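A look at the structure
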Amino acid sequence: MFGKTESLSERSKRKEQRKPVAFFYLPPKRTRPGEALKRQVAVVVHVRLYIVVIRIACPSSPLFRCHIYKTCRLRNAVTKAIRSDKTTVRAGETVRNTVTVTNHSATKLFRIVFSIPQPDGASYVAGSVKVNGVAQPNFDPITGFALPDLNPGETVVIEYDLKADEATTTDVTHFATLNYTVNDPERGDVDYVENTDTLSLKVVSDTISVVKSVDKAFAVKGEILCYTVTISNTGNVVKNELVFKDRIPDGATFVANSVRIDGTYYSVYHPEIGFALRSLAPGEVLTVAFDVQVN
């Protein structure tokens, strides 16, 4: 009337037998190109066996297709080298600059425009442009001008002159700008703007300022006039081997032992014979004074 009574251990064993048992088979990691990787997962639930086959294809397998796209980085593919024929320049001096543009990409560059912003410390010399060695006197790089199309592998060379400002003591710095267009199969015509590296030329300015003054506007015979000459280094380099020489004005006689340099007397110095001065660093000033007597 009553069913068979199970012991606690028998009941636990029967529950354990009901739990699904999973077996996994993993093949070796290496597979030859084109060989499909098969993974079999066998799951046994009670007395029924389920086998699931998962087929994962390698990229070269007919079951897998992909396309590899390469994007050309034009900033590296279009080189723009700028150089000058001098490394230093004096105020008022002219330098020749050259920009070489080479198309290393796989596409044509068109609608190319070359220009330079107004340089610091210099100005463009009108009529000095050459393109591939041919003079182009009407081209102005400040406003920009067109260049011929560049096919893959082609180069264009642009030359132009800059003149350092007369009163400049700062470095001459400038760069060139290249505008161009390429045809992108995905987007159509695309415009690009790129600059060359910045070129810096050290300006060597060795100018000095000399200002002469006298302490009297009117004088009579026998009076002493004191002349003062102020010498300033207005350049950016040290001035060495300076020599002072000045003519005594007509109607006057030099007063012996009256030469003073920065307030110190030099008894053997004479302005008309001349004498050496110390070196002057940039921005430094010295004064030379001497006396004459009105005849």
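These figures come from a predicted structure and were not determined experimentally. (Residues numbered from 1 in each chain as written. Predicted model: local features only at pLDDT ≥ 70, side-chain atom pairs only at ≥ 80, totals over all residues. Heavy atoms only, no water.)

**Looking at the side chain of Asn 103**
We count it as follows: The numbering of helices and of strands both runs from the N terminus, where a helix is a DSSP run of H or I of at least 4 residues and a strand a run of E of at least 2. Under the rule applied, a polar contact is a pair of N or O atoms within 3.5 Å (in protein, one hydrogen donor and one hydrogen acceptor; residues adjacent in sequence only if both atoms are side-chain atoms).
You can see Asn 103 is positioned in strand E6 (residues 94–103). A distance of 2.6 Å separates polar atoms of two side chains, one belonging to Asn 103 and the other to Ser 105. Here the side chain of Asn 103 touches Leu 150 through a polar contact of 3.0 Å, landing on its backbone oxygen.

**Things to note about the environment of Ala 126**
Here Ala 126 shows up in the loop between strand E8 (122–124) and strand E9 (130–131). When the C-alpha atoms of Ala 126 and Pro 141 are compared, they prove to be 9.4 Å apart, with 15 residues separating the residues in sequence.

**A few points about the confidence of the model for the protein**
Selection rule: The predictor attaches a confidence to each residue, and that confidence, scored 0 to 100, is pLDDT. Whether two residues are in contact is decided by their heavy atoms: any pair within 4.5 Å suffices.
For the protein, the mean per-residue pLDDT works out to 82, and 74% of the residues sit at or above 70. The low-confidence segment residues 20–27, where pLDDT is below 50, has 18 contacts with residues more than four positions distant or belonging to other chains. The low-confidence segment residues 33–69, where pLDDT is below 50, has 51 contacts with residues more than four positions distant or belonging to other chains.

**Side note on the pattern of salt bridges**
Inclusion rule: For this document, the term salt bridge refers to a Lys or Arg side-chain nitrogen within 4 Å of an Asp or Glu carboxyl oxygen.
Using the criterion set out here, one finds 15 salt bridges in the structure. Among the ionic pairs, Asp 184 bridges to Arg 187, the shortest N-O distance being 3.1 Å. Here the salt bridges do not stand alone but share partners, grouping Arg 96, Glu 159 and Asp 161 into one network.

**What to know about the nonpolar core**
What counts, and what does not: Buried residues of nine kinds, namely Ala, Val, Leu, Ile, Met, Phe, Trp, Tyr and Cys, make up a nonpolar core once their side-chain atoms join them within 4.5 Å. Note on exposure labels: buried denotes an accessible area under 20% of the residue type's maximum, exposed denotes more than 50%, and partly exposed covers the range between, all computed with a 1.4 Å probe on protein chains only.
The biggest cluster of nonpolar side chains holds 30 residues, and the ones touching the most others in it are Val 101, Phe 114, Leu 147, Ile 158, Tyr 160 and Leu 178. Mapped by element, the contributors of at least two residues to this core are strand E4 (78–84), E6, strand E7 (110–115), E8, strand E11 (145–147), strand E12 (155–164), strand E14 (177–184) and strand E16 (199–204). Per-element tally for this core: the top contributor is E12, with 5 residues. Contacts of Phe 114, omitting those with residues within four sequence positions, involve Val 99, Pro 141, Gly 144, Phe 145, Leu 147, Ile 158, Tyr 160, Ala 176, Thr 177 and Leu 178. Counting 19 residues, the second largest nonpolar core, distinct from the first, contains Val 259, Phe 275, Leu 280 and Val 294.

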